[in-house]
Amino acid sequence: MDRIPFSGIREIFEECDRLEAAGNDIVHLEIGRPDFDTPDPIKDAAKDAMDAGHVHYTSNYGIQELREAVASTFARDNDLEYDPNGEVVVTTGATEAVFVTIMGLVDSGDEVLIPDPSWTYGAHVKLAGGEPVQYRLDPDDGFQPDIESVADAITDRTKLLIVNSPHNPTGSVLSHERAQALRDLAVDNDLLVLSDEIYEKIVYSGGSHRSLATYDGLRNRTVTVNGASKAYSMTGWRLGYLGAPESLIDPIVRVRQYTTTCAPSLSQWAAVHALQSNLHEPLVESFAERRLYVLDRIDDIPGMSCPQPDGAFYVFPTIPDGFNDEVEFTWSLLREAGVAVVPGTVFGSTGTGRIRIAYTNSINRTREGFDRLEAYL
Ligand code: PMP
């Protein structure tokens with residue numbers, strides 16, 4: 001456990017809790033959690049499931065109805081054919097999908113390529129006894145993967161390549177050309193791939209999402225991870241899923257049966273409804289407006305800049321002029337102005353001199369955050 005750090009985001013949350021308990025008003029620009037309520041028809045589906053008595057353990061793979069809805073979603077949205085009986089697993093959030101994939105596929109001493117910056121994959125890899133090896137996303141190239149850095153990181157111990165697009169924390173969307181280059185490296189070096197596509201539905205004009213597993217030769221070496229949390233504002237329901245060839249599902253389900261057994265049954269029924277709906281569309285429209293608002297405000301602050309993000313709900317700008325250290329800046333902004341953001345280095349060394357801002361709040365609240373930031377500066 002000495003190898004497993006406490007999450008840097010958690011420290012910020014805890015300080016926010018302390019400050020709020022002491023009566024301070026904090027503007028939350030740190031949290032990757034949409035502020036919307038879950039759409040009513042999805043809640044109704046869970047209520048109906050409760051009334052119908054769907055309150056028991058389910059299969060480790062998930063209820064049949066949801067596995068079929070997941071397989072149809074993969075076919076409709078991603079052009080990926082997965083057999084609902086044997087190639088789809090429903091998980092307790094995408095977090096568990098990532099966890100069981102890494103635990104199932106990574107042996108002690110195996111190396112796993114993870115983007116720098118990235119979400120928490122490094123800790124998952126260490127929990128499995130593996131070695132995370134970072135490859136660089138290039139800030140001067142819209143945070144696309146630096147293919148040379150990926151190639152240089154590959155050794156004969158490399159087992160798995162992790163790709164996340166649309167990307168947390170930068171909002172970048174993997175370009176077709178880089179996806180092909182990653183595909184070539186994975187196939188040539190016989191790597192497995194974990195493609196985390198949880199932000200898939202949150203893509204703005206100019207960007208388009210294509211599942212990595214659709215690239216030639218990748219389907220049978222890739223685990224595609226997705227979930228309901230982000231697009232349907234269902235973070236608390238804990239509902240994720242993955243699709244993969246049967247040979248990879250086998251080790252994953254071995255782990256899955258000893259973690260949470262199954263995703264919450266009511267959440268599974270709610271997700272059947274969510275995946276078959278267009279209920280994410282108004283949420284994505286709001287994110288699009290918030291994104292433009294945030295980019296506009298960033299533009300006005302000397303020293304702050306970032307490549308225009310095409311997806312997810314994050315920006316990853318440089319810190320304002322006059323500050324050298326993103327950690328110091330984050331803490332003083334929180335304590336002196338009541339605005340919470342995340343220091344970029346929580347996500348890797350490419351985050352040096354940067355912060356992550358999530359535009360998961362209303363425009364009014366986001367405006368308040370930027371007004372305070374400017375007053376503080
Ligand atoms: N992948 C990425 C890139 C994320 O940002 C998150 C949530 N922050 C997840 C997976 C996990 O989402 P959940 O467990 O809520 O489905």
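Residues numbered from 1 in each chain as written. Predicted model: local features only at pLDDT ≥ 70, side-chain atom pairs only at ≥ 80, totals over all residues. Heavy atoms only, no water.

Asks: Explain the overall build of the chain residue by residue, including any values.
Replies: When you go through the chain residue by residue, the secondary structure sums to 12 helices and 13 strands. The C-alpha atoms of the chain give 20 Å as radius of gyration, which agrees with the globular expectation for 377 residues (21 Å, within 12%). Each principal axis of the C-alpha atoms in the chain carries an extent, and together these give about 55 × 55 × 40 Å. Here the chain, with 377 residues, has 57% of them falling under the buried criterion. For the chain, the share of sequence-separated contacts (at least 6 apart) that also reach a separation of at least 24 residues comes to 75%. Taken as a whole, the chain presents about 15,400 Å² of accessible surface, with 46% of it coming from carbon and sulfur. Looking at the chain, you have 31 positive and 59 negative side-chain charges, and the mean spots of the two groups are 3 Å apart. (Helix = DSSP H or I, 4+ residues; strand = E, 2+ residues; numbered from the N terminus. Rg over C-alpha atoms; globule rule 2.2 N^0.38 Å. Buried < 20%, exposed > 50% of the residue type's maximum accessible area, 1.4 Å probe, protein only. Contact = heavy atoms within 4.5 Å. Areas by Shrake-Rupley, 256 points an atom, 1.4 Å probe, with all protein chains shown as cover. Lys, Arg positive; Asp, Glu negative; His and termini not counted. Charge placed at Lys NZ, Arg CZ, Asp CG, Glu CD.)

Asks: A description of the nonpolar core should follow, citing residues and the corresponding values.
Replies: Counting residues in hydrophobic clusters, the biggest one holds 57 residues, and the most contacted among them are Ile102, Leu242 and Ile357. Each of domain 1 (8-38 + 280-376) and domain 2 (54-275) gives at least three residues to this core. If you look at the next biggest cluster of nonpolar residues, it comprises 26 residues, including Ala71, Tyr232, Ala263 and Ala271. (Core = buried A, V, L, I, M, F, W, Y, C linked by side-chain atoms within 4.5 Å. Domains from an automatic or database assignment.)

Asks: Outline the site of the ligand, listing residues and values.
Replies: Surrounding the ligand, one finds 13 residues, the nearest of these being Ala94, Thr95, Asp196, Ser229 and Arg238. At a separation of 2.7 Å, an oxygen atom of the ligand approaches a polar side-chain atom of Tyr199. Contact distances for the ligand include 2.7 Å between an oxygen atom and a side-chain N or O atom of Arg238. The cavity that encloses the ligand is the largest pocket. A per-element tally of the shell around the ligand places helix H4 (residues 93-105) first, with three residues. Residues of the shell around the ligand, tallied by class, amount to five nonpolar, five polar and three charged. (Near = heavy atom within 4 Å. Polar contact = N/O pair within 3.5 Å; in protein donor to acceptor, adjacent residues only side chain to side chain. 1 Å grid on protein atoms, 1.4 Å probe; cavity = no way out; pocket = protein on both sides within 12 Å on 5 of 7 lines; lining within 4 Å. Sits in = over half its atoms within 2 Å of the grid points. Nonpolar A, V, L, I, M, F, W, Y, C, P; charged D, E, K, R; others polar.)

Asks: Which residues make up the sheet that holds strand E5 (residues 144-145), and what values go with them?
Replies: Taking strand neighbours across the sheet as the criterion, the eight strands line up as E2-E9-E8-E7-E6-E3-E4-E5 in an open arrangement whose pairing is mixed. The open sheet terminates on both sides in strands that have one partner only, identified here as strand E2 (88-91) and E5. The pairing of strand E6 (residues 158-164) with strand E7 (residues 192-196) spans five bridges and is parallel. Across the sheet, Leu160 pairs through a bridge with Leu192, a residue of E7. Most of the contacts of helix H8 (residues 246-256) go to E2, to which it runs at about 25 degrees, and overall it touches E2, E7, strand E8 (222-227) and strand E9 (240-243). (Pairing = 2+ DSSP bridges. Axes fitted to C-alpha atoms, helices over the stretch in contact; angles between N-to-C directions.)

Asks: Break down the pairing of strand E4 (residues 131-138) for me, citing the residues and quoting the values.
Replies: As judged from the six bridges shared by strand E3 (residues 111-116) and E4, these two strands associate in the parallel manner. By the bridge assignment, Pro115 is partnered in E4 with Tyr135. For the segment spanning E3, helix H5 (residues 121-127) and E4, crossover handedness is right-handed. Between E4 and E5, which pair antiparallel one after the other, the connecting turn spans five residues, and Gly142 there sits at a positive phi close to 60 degrees. (Right-handed = clockwise from strand over helix to strand, strands pointing away.)

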